[in-house]
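# Report on the structure
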Amino acid sequence: MLTIEIDNGSGFCFGVTTAIKKAEEELSKGNTLYCLGDIVHNGMECERLRQMGLITINHDDMARLHDVKVLLRAHGEPPATYELARKNNIEIIDATCPVVLKLQKRIKEQYENAPSANSSQIVIFGKKGHAEVLGLVGQTDGNAIVIENFEEVKQLDFTRDIYLYSQTTKSLDEFHRIISFIQDHISPDATFKSFDTICRSVANRMPNISQFAARHDMILFVCGHKSSNGKVLFNECLRVNANSHLIEGPDEIQSEWLQNINTIGICGATSTPKWLMEQCRDAILVHNH
């Protein structure tokens, strides 16, 4: 008898849920609503909202728009975007996640209060070009240094002050490795401060998903290919359970995976909608009959 469990700790985080709610409210009034960038890194959820009328645009598109409503998604935006909205009389519906907003503010204050740009380095542990990171770097007029992984920490100048922040969805373990490396190498004359800005609603998913993956014969990890935190969480599943598969949706489930399996766990990223995990469960039940 096959049992399937959907992980109740998976699915949209608070920031994404709020952004989608704001979009749905606006669209239900019959208003035209633009969203700057994909509202969530999940193609199927973006398509569902597109059918409700949400129009996804990029920064170039936004520069050509006037007198419209634009939703800023949970990842946040640099100051230049707000500037553009003022110039083009665009009404902003700001769905930036509160955790990200707080981080933007801290980086902005740190940058504005720095004695001089030459004496200190604002460093962000994050993915280059990621929407959230662009919003953070924008708080420093583009001066912040982004390091993507532990290896890149070696490029910093250890004779100058370092203020280290992290993108909200990065791995805590790697962040702590970076901190210890800087502590070991920073010059005695320089100041080093680190600010743990990793979102707990994401960080806490790591230990939870390990336990979940260990409980089942097979894991289906459902997530869009663009999701940063999806890759991190999937690798954790794989580490605990070699029989883990990354899929975007039910069409990718292969019947040979289901041979001699008693329990299946379905889980996903902070950008994976619950309804998609449920569709995968239903597809397996169909396969299995």
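One structure accompanies this document, and this report is about it. Keep in mind that this is a model prediction, so the values were computed, not measured.

We now examine the overall build of the protein. Scanning the protein from terminus to terminus reveals eleven helices and twelve strands. Considered along the principal axes of its C-alpha atoms, the protein spans approximately 70 × 50 × 25 Å. For the protein, restricting intrachain contacts to residue pairs at least 6 apart in sequence, the fraction spanning at least 24 positions comes to 71%. Summed over its atoms, the accessible surface of the protein is roughly 13900 Å², and 50% of this surface lies on carbon and sulfur atoms. Side-chain charges of the protein comprise 29 positive and 37 negative groups, with the mean position of each set lying 3 Å from the other.

Right, let's talk about the pattern of salt bridges for a bit. The final tally for this structure, using the stated rule, is 15 salt bridges. Each of the salt bridges in this network shares a partner with another, and the network as a whole consists of Glu24, Glu45 and Arg48.

As a further point, take the sheet that holds strand E10 (residues 218-222). As summarised here, the arrangement of the four strands in space is E1-E12-E10-E11, forming an open sheet in which the pairing is parallel. Strand pairing shows two members of the sheet lacking a second neighbour, strand E1 (3-6) and strand E11 (244-247), which therefore form its edges. For this sheet, the mean inter-axis angle between neighbouring strands, taken without regard to orientation, is 20°. Pairing geometry for E10 and strand E12 (residues 263-268), over five bridges, is parallel.

Attention now goes to the sheet that holds strand E7 (residues 145-147). A sheet is described by the order of its strands in space; here four strands give the open sequence E7-E6-E8-E9, paired in parallel fashion. Each of the sheet's edge strands pairs with one partner strand only, and the pair in question is E7 and strand E9 (192-194). This sheet shows a mean twist of 20° between the axes of neighbouring strands, independent of strand direction. Sheet analysis places strand E6 (residues 120-125) next to strand E8 (residues 161-166), joined by six bridges and oriented parallel. Its bridge partner being in E8, serine 120 is matched across the sheet by aspartate 161. Along the sheet face, helix H5 (residues 98-113) touches E6 and E8 and points at about 170° away from the line of E8.

Turning next to the packing of aromatic side chains. All chains considered together, the criterion is met by five aromatic pairs. Ring centres of phenylalanine 125 and phenylalanine 175 lie 6.2 Å apart, and the angle between their planes is 10°; on these two criteria the pair is classed as stacked. Taken together, the residues span a long stretch of sequence, with phenylalanine 125 in strand E6 and phenylalanine 175 in helix H7 (residues 172-185) at a distance of 50 residues. Of the two residues, phenylalanine 125 and phenylalanine 175, neither departs from the other in class, the shared state being buried.

What follows is about helix H11 (residues 274-287). Its 14 residues place the ends of H11 20 Å apart at the C-alpha level, agreeing with the 20 Å of an ideal helix rising 1.5 Å per residue. What H11 keeps buried is the set Leu276, Met277, Cys280, Ala283 and Ile284. Down the axis, H11 shows its buried residues gathered within 115° of arc, on one side only. Each element contacted by the buried residues of H11 is listed here: E1, helix H2 (43-52), E10, E11 and E12.

Turning next to the packing of helix H9 (residues 205-214) against helix H10 (residues 228-240). Where H9 contacts H10, the axes come no closer than 9 Å and their chain directions differ by 40°. Classified by the angle between their axes, H9 and H10 sit oblique to one another. Here the hand of the crossing between H9 and H10 comes out right-handed. Contacts between H9 and H10 pair Arg205, Met206, Ile209, Ser210, Ala213 and Ala214 from the former with Val232, Leu233, Glu236, Cys237 and Val240 from the latter. Here the contact of H9 with H10 is built from residues that sort into eight nonpolar, one polar and two charged.

A word on the side chain of lysine 170. As for its position among the elements, lysine 170 is in the loop between E8 and H7. Buried lysine 170, no salt bridge; nearest opposite-charge side chain is glutamate 174, N-O distance 5.4 Å.

By the alternation rule, side chains of strand E2 (residues 33-36) split into Leu33 and Cys35 and Tyr34 and Leu36, which are all buried. Where E2 lies against strand E3 (residues 54-57), four bridges are found, and the strand directions are parallel. Paired with leucine 33 across the bridge in E3 is leucine 54. The parallel pair E2 and E3, bridged by H2, forms a crossover whose chirality is right-handed. Judged from the three bridges that link them, E2 and strand E4 (residues 69-72) form a sheet pairing that is parallel. Residue pairing for E4: leucine 36 is matched across the bridge by leucine 72.

Turning our attention to the pairing of E10. Of all five residues in E10, five are buried, a share of seventy percent or more. Two strands pair when backbone bridges link them, and E10 and E11 are joined in this way by four bridges, in the parallel orientation. In the sheet register, leucine 220 faces E11, and the bridge partner there is histidine 245. For the segment spanning E10, H10 and E11, crossover handedness is right-handed.

What counts, and where the lines are drawn
- Residues numbered from 1 in each chain as written.
- Predicted model: local features only at pLDDT ≥ 70, side-chain atom pairs only at ≥ 80, totals over all residues.
- Heavy atoms only, no water.
- Helix = DSSP H or I, 4+ residues; strand = E, 2+ residues; numbered from the N terminus.
- Contact = heavy atoms within 4.5 Å.
- Areas by Shrake-Rupley, 256 points an atom, 1.4 Å probe, with all protein chains shown as cover.
- Lys, Arg positive; Asp, Glu negative; His and termini not counted.
- Charge placed at Lys NZ, Arg CZ, Asp CG, Glu CD.
- Salt bridge = Lys/Arg side-chain N within 4 Å of Asp/Glu carboxyl O.
- Pairing = 2+ DSSP bridges.
- Axes fitted to C-alpha atoms, helices over the stretch in contact; angles between N-to-C directions.
- Phe/Tyr/Trp six-rings, centres within 6.5 Å; stacked < 30°, edge-to-face > 60°.
- Buried < 20%, exposed > 50% of the residue type's maximum accessible area, 1.4 Å probe, protein only.
- Expected span 1.5 Å × (residues − 1).
- Arc of directions from axis to C-beta.
- Parallel < 35°, antiparallel > 145°, perpendicular 65-115°, else oblique.
- Left-handed = near helix turned anticlockwise from the far one by under 90°.
- Nonpolar A, V, L, I, M, F, W, Y, C, P; charged D, E, K, R; others polar.
- Right-handed = clockwise from strand over helix to strand, strands pointing away.

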